[in-house]
Amino acid sequence: MRHSRIAGVGGFLPPRVVTNDELAQRLDTSDAWIRERTGIAQRHVADPSQGSSDLALEASRRALDAARVDAAAIDLIIVATSTPDYIFPSSACLLQAKLGVKNCPAFDLQAVCSGFVYGLATADQFVRSGQAKCALVVGAEVFSRIMDWNDRGTCVLFGDGAGAVVLVAGDRPGIHSSVLRADGTQAGMLSVPGNVSGGKIIGSPYLQMNGPQVFKFAVKVLDEVGREALAAADATIDDVDWLIPHQANVRIIDATARKLGIPAHKVIVTVDLHGNTSAASVPLALDVAVRDGRIQPGHRVLLEGVGGGFTWGAVYLTM
Ligand code: UT7
């Protein structure tokens, strides 16, 4: 039987760091409030000259290096992003050209903060069905562009970055199970309710959300979908070596781990240094933990995403 497994992981954060204190200089907020309510100490912000495909390129190069795979071997590119370079062409096509890859399918996937988990589950289907042998799956975002930097309720939460994995075919998993869910009736809870029409922005180009509602919803569905993914693989909570939930708020992460019954020392947390990087948060956290040696080959990892749509999902895999 054909399976897919992660052969290499890479991440990229733009160099500019914005601390809570820097935000507090021009907003009615404080380092203490942001740390206490979210766990966030800083976030990275991309230079105006960098688009999502530029961040994706750096993360992809690092993932390809880690996998010891030449870019020419890539036969599928999925970029999960809600902040693409353009309306079209897709950031995945731009990334394909920047990598010098020819002919393979390339597309963006829009599931907001669940995007990477959606993308990984999708690439797994391509690999297992024999349609791809070496997929590049990227989460890349420049959420700084869709922030109202005068809205203290949202702009302190998000950051920019990209994370990537190379997913290859093999005869043992790899990815054991994936579960994807969505509920479009909850679209209004977290959105950027604008579009471009006739040369004008119609609606709002800024992120808006009901924070407390999102908080409760996230904890509930991350618990449910994590259990569903484990059950689908005939695994239990005790089998999980590492939990990597979407990195939005350390209180959401702690509450999710508590509900699932996973001890804090098995949970990867990067929201303190990255903020919420939406589709990039899970692969960036995976990259940090692989590079610092916590996640080792053979370890079993539960990845979880939740975000606008609403969308949520989990992938259970062996590294
Ligand atoms: O990827 C998914 C995306 N989003 C999320 O996961 C976010 C989920 N939600 C959250 O993380 C939290 O709900 C927030 C961090 C957004 C807010 O924390 P909270 O504990 O739910 O606070 P709140 O919204 O209930 O607001 C409490 C107070 C309010 O003041 P009043 O009305 O009590 O006087 C806010 O105006 O905190 C105020 N507040 C702030 N104060 C200082 C909100 N933002 C700030 C701020 N600095 N940055």
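In this convention, every chain numbers its residues from 1, walking through the sequence in written order. Under the rules for a predicted model, residues below a pLDDT of 70 receive no local features and side-chain atom pairs below 80 are neither given nor counted, while totals for whole chains, interfaces and linings still include all residues. Note: side-chain values were computed over all heavy atoms of the structure, leaving out hydrogens and water.

**Examining the domain arrangement of the protein chain**
Reports often express the size of an interface as the amount of accessible area lost when the parts come together.
Thought 1: Residue ranges for the domains trace back to a domain assignment, done automatically or taken from a database. Once the domains are mapped, the protein chain shows domain 1 (3–171) and domain 2 (176–318).
Thought 2: Each partner contributes to the interface: domain 1 provides 47 residues, whereas domain 2 provides 44 residues.
Thought 3: Salt bridge, as applied in this entry: a Lys or Arg side-chain nitrogen positioned within 4 Å of an Asp or Glu carboxyl oxygen. Our count for the contact surface shared by domain 1 and domain 2 stands at 0 salt bridges.
Thought 4: Here a polar contact means two N or O atoms within 3.5 Å. Within protein one must be a hydrogen donor candidate and the other an acceptor candidate, and residues neighboring in sequence count only if both atoms are side-chain atoms. The interface formed by domain 1 and domain 2 contains 19 residue pairs in polar contact (both at pLDDT 80 or more).
Thought 5: Breaking the side of domain 1 that touches domain 2 down by element, the ones donating at least two residues are strand S1 (3–12), helix H2 (31–38), strand S3 (42–44), helix H3 (52–67), helix H5 (115–128), strand S6 (134–142), helix H6 (152–155) and strand S7 (160–170). Contacts are residue-level and defined by heavy atoms, with any inter-residue pair within 4.5 Å sufficient. Under the scheme used here, helices are H or I runs from DSSP no shorter than 4 residues and strands are E runs no shorter than 2 residues, and both carry numbers assigned from the N terminus.

**Thoughts on the site of the ligand**
Thought 1: Neighbouring residues are identified by heavy atoms, a residue being near a molecule or strand if any of them is within 4 Å of it. By nearness alone, 22 residues border the ligand, and Thr29, Arg37, Arg152, His246 and Asn249 come closest of all.
Thought 2: Residue exposure ignores everything except the shown protein chains as possible cover, and the areas themselves are Shrake-Rupley values with a 1.4 Å probe. Compared with its free state, where it exposes 940 Å², the ligand has 70% of that area covered by protein.
Thought 3: The rule is simple: put a 1 Å grid over the protein atoms alone, call a set of points where a 1.4 Å probe fits but cannot get out a cavity, call an open set with protein on both sides within 12 Å along at least five of seven lines a pocket, and count a residue as lining if it has an atom within 4 Å of a point. More than half of a molecule's atoms lying within 2 Å of a cavity's or pocket's grid points is what places that molecule inside it. When each cavity is represented as a set of grid points, the ligand is found to reside in the second largest pocket.
Thought 4: Listed by contribution, the elements that provide at least two residues to the shell around the ligand are H2, H6, helix H7 (211–232) and helix H8 (250–260).
Thought 5: With 4 residues, H7 is the largest single contributor of residues to the shell around the ligand.
Thought 6: Considering only residue class, the shell around the ligand consists of 11 nonpolar, 7 polar and 4 charged.
Thought 7: When residues of the shell around the ligand are sorted by domain, at least three fall in each of domain 1 (3–171) and domain 2 (176–318). Nonpolar residues are Ala, Val, Leu, Ile, Met, Phe, Trp, Tyr, Cys and Pro. Charged residues are Asp, Glu, Lys and Arg, and all others, Gly as well, are polar.

**Looking at the nonpolar core**
Thought 1: Residues belong to one nonpolar core when they are buried, are Ala, Val, Leu, Ile, Met, Phe, Trp, Tyr or Cys, and are joined through side-chain atoms within 4.5 Å. When accessible area is computed with a 1.4 Å probe and restricted to protein chains, residues below 20% of their type maximum are described as buried, those above 50% as exposed, and intermediate ones as partly exposed. With 48 residues, the main nonpolar core has Leu302 and Phe310 as its most contacted residues.
Thought 2: Put simply, the parts of the chain that give this core at least two residues each are H7, H8, strand S14 (300–307) and strand S15 (311–318).
Thought 3: A per-element tally of this core places H7 first, with 10 residues.
Thought 4: Summarising the domain contributions, this core has at least three residues from each of domain 1 (3–171) and domain 2 (176–318).

**Side note on H5**
Thought 1: Helix span is expected to be 1.5 Å times the residue number reduced by one. Helix length check: H5, at 14 residues, gives a terminal C-alpha distance of 20 Å against a target of 20 Å (1.5 Å per residue), a fit within 8%.
Thought 2: Those residues of H5 not exposed but buried are Gly115, Phe116, Val117, Tyr118, Gly119, Leu120, Ala121, Ala123, Asp124 and Val127.
Thought 3: Following H5 by one or two positions, Gly130 has its phi on the positive side, about 90°.

**Quick notes on the packing of H7 against H8**
For any two helices packed against each other, the geometry is given by the interaxial angle and the distance between the axes.
Thought 1: Think of each axis as a best-fit line through the C-alpha atoms, taken over the contacting stretch in the case of a helix, with angles from 0 to 180 degrees between the N-to-C directions. Running from N to C, H7 and H8 cross one another at 40°; their axes reach a closest spacing of 9 Å. Classed by the angle they form, the pair H7 and H8 counts as oblique. Both H7 and H8 take part in a crossing whose hand is right-handed. Of the residues in H8, those in contact with Phe215, Ala218, Val219, Lys220, Leu222, Asp223 and Arg227 of H7 are Arg251, Ile252, Ala255, Thr256, Lys259 and Leu260.
Thought 2: Of the residues contributing to the contact of H7 with H8, the split by class is 7 nonpolar, 1 polar and 5 charged. In these notes the angle categories are as follows: under 35 degrees is roughly parallel, over 145 is roughly antiparallel, 65 to 115 is roughly perpendicular, and the rest is oblique. In this scheme the handedness of a crossing depends on how the near helix is turned from the far one: anticlockwise by less than a right angle means left-handed, clockwise means right-handed.

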